[in-house]
Each structure stands twice: as C-alpha cells, then as structure tokens.
Amino acid sequence: MVQAELSIPYVDFLKDRYPDILRAAGEHLAISGISVAIGCLVAIPTGIFLARRRIPWLQSVIFAIANIFQTIPSLALLALLIPLFGIGTKPAVFALFLYSLLPILRNTYAGFQSVDPSVLESARGMGYSAAQRLLQIQLPLAFPYMMSGIRVTTVYVISWATLATLIGGGGLGDLIFSGLGVNKKELIFTGAASAIILALLADLLLGRIERRVTRRAGSNQEPSFTS
C-alpha cells in the first residue's frame, strides 16, 4: 500500500509531462543519431584508407588529431564552438561528431589490419579485383570490429548529448538541468533514466544488426571464396 501511494505522484507527473518528455527524447535521438552518422561517414572511409595505404606518418597525424578531440573536456569544447556556430543544435552536433571520430576510426583500422594477408593473396590469385577483395573479404571480416566501435561511440554520444542543453541544443539534458534548477527530482530522474534507456536500446539494436550481418556475411562468403 505504501509503495502504491508513493508511485502515484510520479505517475501523475508522467501523465502531465509526457509531451515534454517525448519531445526531449526525440531531440536527443536526433542529435545523437546525426552525430554518429556523420562520424561514420568520415571515420570509416578514413580508417579503410589508412589500413590499405599504410602510410605511417599520415596514420600518426590523423590518429593524433582524433585523439586531441577525444581528450578535450566536453564543456570546454562546447564553449570553443560557440563563437563558430553560435548556440543551438549545430555546435552540439559538431562537438559530438568530433568525439565520435576516434573510436570508429580506431576500430575500422584495427578491423582491416586484422585480415590475414594470406587470405587476400589467395583472393588475388583467384582473380579478385581490389574492389572485390574490399567488398567481399575485408569488409565482412572487419565488420565486427567496426560495429564494436560504432556501438561504443553511440552509447557515449547519447550520454554526452545531455550536455547539449547548456548551449541550447535541447535533448534530455533539458529535463535534468531544469530539475536541478527547481529542485524537482522527478525531472532529474526522468531525464537521466531516459538517457540510460536510449543508450541501452541503441546498443541492443546495433548488437542485433552486428550479429545478423556477420552471420549472413559468413554464410555467403565461405562458399564463394572456396569454390
């Protein structure tokens, strides 16, 4: 009975504020999704290029730059971007994009480096072109590494996106910081819990995609390569 009575005020709070919660969650997903998508578009081709070309000095420079972005504190990076982009979602998306680069780049590079050179030599001897070796052998074998980087990055970005509210970027951070401002525990808990749930759901979804694509690639690749 006591537990039921204690839960009623929070249920009433959810009923009253669910439009704001849904709006904040939608903004949070948009900011995080766009940031990770742009990070993938930049980091994956770069990682593939570095792994295939193997230019040591270029690898060192690019990884050093990506590592610098990763080590800048979140608030400091957001503050540095305000003079360039103003306030709102643009600096938030750009900052999260910079944070997403290193894990995706590093895992893509590691995945392509893990491919056995003898497998590529065998494929070359069987008449596979460079594009065929990339699409039919290297990408499927490196895919688990790449997805691991994307999963880690997505979880981190969803958590970091709560700071977007500090520069007017919206998202679930609005609920957290509004709750801190008025000392309303329901807002703080809802914002934090929603961010955690989004991160867990994103990781679960990406994990299923990884397993399905890896299983399909393995079943399709082996017969065509050994024939």
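Residues numbered from 1 in each chain as written. Predicted model: local features only at pLDDT ≥ 70, side-chain atom pairs only at ≥ 80, totals over all residues. Heavy atoms only, no water.

So what's going on with the pattern of salt bridges? Which residues, and what values?
Counted by the stated rule, this structure contains six salt bridges. Its salt-bridge partner being Asp20, residue Arg17 comes within 2.9 Å of it at the nearest N-O pair. With a gap of three residues between them, Arg17 and Asp20 both fall in helix H1 (residues 2–53), about one helical turn apart. Relative accessible area serves as the criterion here: at 28%, Arg17 is assigned to the partly exposed category. Of the charged contacts, one joins Arg23 and Glu27 as a salt bridge, the two residues approaching to 3.2 Å between their closest N and O atoms. Highlighted residues: Arg23 and Glu27, both in helix H1, separated by four residues, approximately one helical turn. (Salt bridge = Lys/Arg side-chain N within 4 Å of Asp/Glu carboxyl O. Helix = DSSP H or I, 4+ residues; strand = E, 2+ residues; numbered from the N terminus. Buried < 20%, exposed > 50% of the residue type's maximum accessible area, 1.4 Å probe, protein only.)

An account of the packing of helix H5 (residues 117–125) against helix H6 (residues 130–160) is requested, with residue identities and associated values reported.
Contact geometry of H5 with H6 gives a least axis separation of 11 Å together with a crossing angle of 140°. Judged on the interaxial angle alone, H6 and H5 are oblique. The crossing of H5 and H6 is right-handed. Taken together, the residues of H6 that come into contact with H5 (itself represented by Val119, Leu120, Ala123 and Arg124) are Arg133, Ile137 and Gln138. Considering only residue class, the contact of H5 with H6 consists of four nonpolar, one polar and two charged. (Axes fitted to C-alpha atoms, helices over the stretch in contact; angles between N-to-C directions. Parallel < 35°, antiparallel > 145°, perpendicular 65-115°, else oblique. Left-handed = near helix turned anticlockwise from the far one by under 90°. Contact = heavy atoms within 4.5 Å. Nonpolar A, V, L, I, M, F, W, Y, C, P; charged D, E, K, R; others polar.)

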